[in-house]
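# Coordinates in review
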Amino acid sequence: MSKRLSKLGWIVIIALLTLALVAFPACTQTGEEEEEEENGGPAIPYKNDGIFVQMTIGEPETLDPAASYDNASGEQIDLVYETLVDYDRGAAGDFVGQLATDWVWNAADLTWTFTIRQGVKFHEGGDLSPEDVEYSFERAMIYDRLGGPTWMLFEPLLLAGEYAGLTFADVDATVEVDGNNVVFTLADAGYTLIWLQTICGGWGSIVDKEWCIANGEWDGTEADIPNHYQQEDGTTYLWTHMNGTGPWKLNQWEHGVQFKLERFDDYWREPAPFDFVISQLVEEWTTRKQALLAGDADFVLVDKMYIPEIEGVADLLKIKDLGELAVTSMFMNQDIETEDNDYIGTGQLDGNGIPGDFFSDPDVRKGFLYAFDYETAIRDIMLDEGITPPSPIVEGLLGYNPDASRYTYDLAKAEEHLKAAWGGQVWEKGFKFTAIYNSGNDMRKAAMEILAENLFEINNKFQVAVVGLPWGTGMVPLLRSYRLVLYACGWGGDYPHAHNFVAPFMSTYGTFSKFMSYGSAELDATIEAALLELDPEEQLDKYYELQQIWYDDAPAIMCWQPTGRRWFTKYIHGFFFNPMIPGDAGPLYYMSKSAS
Amino acid sequence: MELRSYIIRRLLLLIPVLLGVTLFIFGITMMFSPTQRAMLYVRDAKQLADLPAVIERYGLDQPFVVQYGTWLGQVFTGNLGYSKVVSQPVSDAIIQFLPATLELAIFATPLIILLGILLGTTAAAHKDRPLDHGTRVAAILGWSLPTFWLGLMLLMIFYGFLRGFLPPGRLSVQIDLLVNAAPFIRYTHINTIDAILNLDGPVFLDALRHLVLPVVTLSVVNVAFIMRLMRSSMLESLGKGYILTARAKGLAERVVVNKHARRNALIPVITVSGYVFAALANGVVITETIFNFKGIGWWAWQSAINLDISSVLGFALFNAVLFVLVNLVVDVLYTRVDPRVRLGQGVQ
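Residues numbered from 1 in each chain as written. Chains lettered and ligands numbered in written order. Predicted model: local features only at pLDDT ≥ 70, side-chain atom pairs only at ≥ 80, totals over all residues. Heavy atoms only, no water.

What follows concerns a negative patch on the surface. Residues and elements named next belong to chain A. Taken together, the side chains of Asp-535, Glu-537, Glu-538, Asp-541 and Glu-545 make up a negatively charged region of the molecular surface. Tracing the backbone shows Glu-545 in helix H18 (residues 536-553). Its relative accessible area of 41% is what places Glu-545 among the partly exposed residues. (Patch = residues over 30% accessible without salt bridge, like charges linked within 9 Å, V, L, I, M, F, W, Y side chains within 5 Å. Areas by Shrake-Rupley, 256 points an atom, 1.4 Å probe, with all protein chains shown as cover. Salt bridge = Lys/Arg side-chain N within 4 Å of Asp/Glu carboxyl O. Lys, Arg positive; Asp, Glu negative; His and termini not counted. Charge placed at Lys NZ, Arg CZ, Asp CG, Glu CD. Helix = DSSP H or I, 4+ residues; strand = E, 2+ residues; numbered from the N terminus. Buried < 20%, exposed > 50% of the residue type's maximum accessible area, 1.4 Å probe, protein only.)

Right, let's get into the pairing of strand S13 (residues 326-332) of chain A. All names here are of chain A. Along S13, seven of the seven residues are buried, which leaves the element largely enclosed by surrounding structure. Burial along S13 is two-sided: Ala-326, Thr-328, Met-330 and Met-332 facing one way and Val-327, Ser-329 and Phe-331 facing the other are all buried. With seven bridges connecting them, S13 and strand S17 (residues 486-492) associate as antiparallel partners. Across the sheet, residue Met-330 finds its bridge partner in S17, namely Ala-488. As defined by bridge partners, S13 adjoins strand S18 (residues 556-569) across four bridges and the pair is classed as antiparallel. Considered in S18, the bridge of Met-330 is made with Ile-557. (Pairing = 2+ DSSP bridges.)

For the rest of this paragraph, the subject is the domain arrangement of chain A. Residues and elements named next belong to chain A. The assigned domain composition of chain A is domain 1 (10-246 + 570-593) and domain 2 (326-562). If you average the C-alpha positions of domain 1 and of domain 2, the two centres end up 34 Å apart. At the junction of the two partners, domain 1 supplies 16 residues and domain 2 supplies 11 residues. The interface formed by domain 1 and domain 2 holds zero salt bridges in total. In this assembly, domain 1 and domain 2 are joined by three residue pairs in polar contact (both at pLDDT 80 or more). Contributing elements (two or more residues each) for the side of domain 1 that touches domain 2: helix H4 (151-158) and helix H6 (192-198). Tallying contributions element by element places H6 first for the side of domain 1 that touches domain 2, with four residues. (Domains from an automatic or database assignment. Contact = heavy atoms within 4.5 Å. Polar contact = N/O pair within 3.5 Å; in protein donor to acceptor, adjacent residues only side chain to side chain.)

Grouped together as the largest cluster of nonpolar side chains are 264 residues, with contacts concentrated most on Leu84(A), Phe114(A), Phe184(A), Phe368(A), Phe433(A) and Trp299(B). Residue contributions to this core peak at 14 residues, all from helix H6 (residues 90-125) of chain B. Every residue in contact with Phe114(A), bar those within four places of it in the chain, is listed here: Leu84(A), Val85(A), Ala100(A), Asp102(A), Trp103(A), Asn180(A), Asn181(A), Val182(A), Phe184(A), Trp195(A), Leu196(A) and Ile199(A). In this structure, Ile175(B), Phe184(B), Ala195(B) and Ala207(B) belong to the second largest nonpolar core, which totals seven residues. (Core = buried A, V, L, I, M, F, W, Y, C linked by side-chain atoms within 4.5 Å.)

Attention now moves to the interface of chain A and chain B. With 77 residues of chain A at the contact, the number on the chain B side is 61 residues. Roughly 5700 Å² is buried in total at the junction of chain A and chain B, and carbon and sulfur atoms are behind 61% of that figure. Linking chain A to chain B there are five salt bridges. We note a salt bridge from Asp233(A) to Lys84(B), for which the minimum N-O separation is 2.7 Å. Where chain A packs against chain B, one counts 19 residue pairs in polar contact (both at pLDDT 80 or more). Elements with a minimum of two residues in the side of chain A that touches chain B: helix H1 (7-27), strand S1 (51-56), strand S8 (248-254), strand S9 (258-263), strand S10 (276-281), helix H8 (285-294), helix H15 (471-480) and S17 of chain A. At 11 residues, the largest contribution of residues to the side of chain A that touches chain B is made by H1(A). When grouped by side-chain class, the residues that make up the side of chain A that touches chain B number 36 nonpolar, 24 polar and 17 charged. (Buried area = accessible area lost by both parts, 1.4 Å probe. Nonpolar A, V, L, I, M, F, W, Y, C, P; charged D, E, K, R; others polar.)

What follows deals with the sheet that holds strand S7 (residues 181-185) of chain A. Residues and elements named next belong to chain A. Across the sheet, four strands lie side by side as S4-S5-S7-S6; this open sheet has antiparallel pairing. Pairing within the sheet leaves two strands with one partner each, and these edge strands are strand S4 (100-106) and strand S6 (175-178). Across the sheet, the mean angle separating the axes of adjacent strands is 20° when strand polarity is ignored. By the bridge criterion, four bridges tie S6 to S7 in an arrangement that is antiparallel. Considered in S7, the bridge of Val-177 is made with Val-182. Contacts from helix H3 (residues 130-143) reach strand S5 (111-116), S6 and S7 within the one sheet, and its direction differs from that of S6 by about 175°. (Axes fitted to C-alpha atoms, helices over the stretch in contact; angles between N-to-C directions.)

Residues and elements named next belong to chain A. For the pair helix H11 (residues 374-381) and helix H14 (residues 442-458), interaxial distance at closest approach is 10 Å and the crossing angle is 145°. Considering only the axes of H11 and H14, their crossing is right-handed. Contacts from Thr-376, Ala-377 and Ile-381 of H11 reach H14 at Met-443, Ala-446, Ala-447 and Ile-450. Residue classes in the contact of H11 with H14 are distributed as six nonpolar, one polar and no charged. (Left-handed = near helix turned anticlockwise from the far one by under 90°.)

This part covers the packing of helix H10 (residues 362-371) of chain A against helix H12 (residues 411-420) of chain A. Residue and element names in this part refer to chain A. The geometry of H10 relative to H12 is characterised by a closest axis approach of 8 Å and an angle of 165° between their N-to-C directions. On the basis of the axis angle, H10 is roughly antiparallel to H12. In this structure, H10 crosses over H12, and the sense of that crossing is left-handed. Where H10 approaches H12, its residues Asp-363, Val-364, Lys-366, Gly-367, Phe-368, Tyr-370 and Ala-371 are matched on the opposing element by Leu-411, Lys-413, Ala-414, His-417, Leu-418 and Ala-420. When grouped by side-chain class, the residues that make up the contact of H10 with H12 number eight nonpolar, two polar and three charged. (Parallel < 35°, antiparallel > 145°, perpendicular 65-115°, else oblique.)

The subject of this paragraph is the pairing of S17(A). Residues and elements named next belong to chain A. Of all seven residues in S17, five are buried; the element is thus mostly enclosed. Pairing between strand S15 (residues 431-438) and S17: two bridges, direction parallel. Counterpart to Ile-436 in the pairing with S17 is Tyr-487.

The next thing to look at is the confidence of the model for chain A. Where the model shows low pLDDT, its predicted coordinates should not be examined in detail. Residues with a pLDDT of 70 or more make up 93% of chain A, whose mean pLDDT is 91. The low-confidence segment residues 24-39 of chain A, where pLDDT is below 50, has 20 contacts with residues more than four positions distant or belonging to other chains. (pLDDT = per-residue confidence, 0-100.)

Let us now look at helix H2 (residues 71-80) of chain A. Residue and element names in this part refer to chain A. By the criterion of burial, H2 is predominantly enclosed, with eight of the 10 residues buried. Among all positions of H2, only Ala-72, Ser-73, Gly-74, Glu-75, Gln-76, Ile-77, Leu-79 and Val-80 are buried. On its buried face, H2 sits against S1, S8, S9 and S10.

So, on to the environment of Met330(A). Residue and element names in this part refer to chain A. By the element assignment, Met-330 lies in strand S13. Overall, Met-330 belongs to the buried group, its relative accessible area being 0%. A sequence separation of 146 residues divides Met-330 from Phe-184, and the C-alpha atoms of the two residues are 39 Å apart. Those residues in contact with Met-330 that sit more than four places away from it in its chain are Phe-372, Ala-447, Met-448, Leu-451, Leu-486, Tyr-487, Ala-488, Ala-556, Ile-557 and Cys-559.

The next point concerns the domain arrangement of chain B. By a frequent convention, interface size equals the accessible area lost on bringing the separate parts together. Residue and element names in this part refer to chain B. According to the domain assignment, chain B contains domain 1 (2-88) and domain 2 (94-164 + 213-339). Taken over C-alpha atoms, the centre of domain 1 sits 32 Å from the centre of domain 2. If you look at the interface, domain 1 gives 26 residues, while domain 2 gives 25 residues. Summed over both sides, the interface of domain 1 with domain 2 buries roughly 2200 Å², with 79% coming from carbon and sulfur. Summed over the three residues of domain 1 that lose the most area to domain 2, namely Arg-10, Leu-80 and Val-85, the buried surface amounts to 22% of that side. The interface formed by domain 1 and domain 2 contains zero salt bridges. Between domain 1 and domain 2 we count six residue pairs in polar contact (both at pLDDT 80 or more) in total. Sorting the residues of the side of domain 1 that touches domain 2 by element identifies helix H1 (3-12), helix H2 (14-29), helix H3 (34-38) and strand S1 (82-83) as the ones contributing at least two each. Considering each element in turn, the side of domain 1 that touches domain 2 owes the most residues, eight residues, to H2. Classifying every residue of the side of domain 1 that touches domain 2 gives 17 nonpolar, six polar and three charged.

Dropping the structure here:
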């Protein structure tokens, strides 16, 4: 037989044998004790002692705390940098000191005074000082990255949304060093709680002033501001370099692949529980799933649609019913731009289209709200991992009213309203338009289809086509030109206060309300009054009032507030939930990993 | 023509090629509105308010000529722009992602070519017999299999079912920490080569173990093409007069096929092999994604779907250079395989 093989044949055989030889030892390489579980498949082996490996889908955009406004960046910043105070475990209104040992509110002069912790070291060796704190906040404000998070600092300090229109003196006056203290002067007492919540975010991280200046960042003077104001993305030194005081320091950022942190040995608290924290970017679900089951990942992101695939695995730590501070809604544009709009049919209420002000009639909106099957959406789309919020003030926020009026699925009432809409013309002639979701988001698509089918069931002249468009290149240009008719979008909280949800949904300047032409000066005043109300009882009443206004106005369909899940291997311990901790893996400093 | 002047001429040809390619791609991206292109900088609905300022800041509403000119000016100063999708300069992104793709290509290309030649030769030598039919069916099957399906199946069997046997990624977690710390030196960032240069057996074996599934996936899908080409080329050679002469001289069939016919049949395979390598080195999106073997294909794909124009242009430049160089190497190889071929003049 061998005589019949050519040289080439032998080369191929040798190559294949080599591969087999490489692969074979790997089969026995795990060295882990494997035991078969009675149910739910084989046991997951314990691997990578002292290392936490998570597989997720978000690549950090930036490591600069003053620029970061995405979840993936925020997660890494949260592990490396520290803020003055932090949420006390899961609480939204209770705080513990991090880089501040004490904090005192003075209502007379509207100041928060923070006493800075002594003996704290930055990863590069510098000592924490009050000047670092002052510099960190001032730098964030004068940098004011486009599309960044700094608006959250401007609002409580200066009742502004951006640096434009302000002077350095304005900014400088809001944060001052006083001995070992740092004093923030707020613009209004209504921001007292919001300020503490705001500075718990990554944008409140403290950086090392000397180190920053030495590496070409803003030098702290007014003269240098033009060189750093709204710097182009990627050009700040902190964009790709980190130097915090947190339990882990940057080891390696392999862009698009993985992000590695290593334990900081001079940390001021107990040493971090993991030698390394590795966050790998793995887009493919099957790869993430197999890695979790093989023990190569301690935590993976599980999209809702894949829950059934691992629901039955016995060897996993599953944590359920985590109330996320987020909401998904379907918005109805009350003043649609009709010119060059392909999504409104004829643009007339003639059965083959809709006019631009179709949704300005409350009966149309209420008809739609009653036509949406909320329970089916939660059960079939969210797989029972969500609740229906009555308004943008979702459960978990200060101001949430569990007894608030809410719309339920009721086709009879939907019919009643739609018969009354536009003096009966809607019922008689029908309508046709296109509803838009961001392509790839099958949950939003399914929600829209539920609505469309129910409307058709009420009257077969009601025709809603559901179309997916790419978010960036498709939906946003239409949104900004007011051409979207009915569209689905979601909101996640920046800080756990009702104002952070009411403003984008109900104000004339809100991210969503603006593009559905909803809101009024009067409503803006009510929102502001609620925000600035100092008496907690009164404030609660005002937020309850806003929820009632939302119900009466019926501007959008509140589809769901997700309740999340987390999936770890059984070797991970200590998880607790706080929706404000960026990322999904949880409070890693308080967690641990052991084979027991 | 002298080899040196031929190479210089071909390299000079790169300039118009690069200008043409980048102009074409830039032109296509300009069909998107400034708002659409600005979305690269705005990830969330919360940032929409800053869109007009983003457009102004990055000059996205400038005329085509101004934007292209600005980009070209940057390129001449060695700045290929910034890759937003991976938050680093485009040149750094190419340097980071190329080694993974090259490693795949380096291992997959020889396997594809050797298997293709072997199977093609065997099929031709057994024309219309069961072996020929068998290889043909196997080739069609391999060619028809969707890469993502094959990749996922292999992953589920050899990683999932066999409990971490052949894992995805480029290195295991512990080994990865090892190679990124002293005393290991990363000469090329191609893990297998670096392991050899560092004389580190465990790293080499680990890297090889991670290569098995993506390389097998690429090979199964691509070997059919070479095999079919080799078969037809072999059949043509086997029909030539010198083969008849060789057989008439009483040479063994094995010698006739492997020495006389195959050498001449290799010429078209060399051309295609160059392109196979170039195509693999150009990035294989699905394989890189499924096996988490992030290379230049994954990066280019991410850039394209996010309208990251600087990255797309940078990739196009890289691609054009790669194909010109591969063409050059193939041309030079011709002269070695077939002495009748002269550079720039074809067969004499």
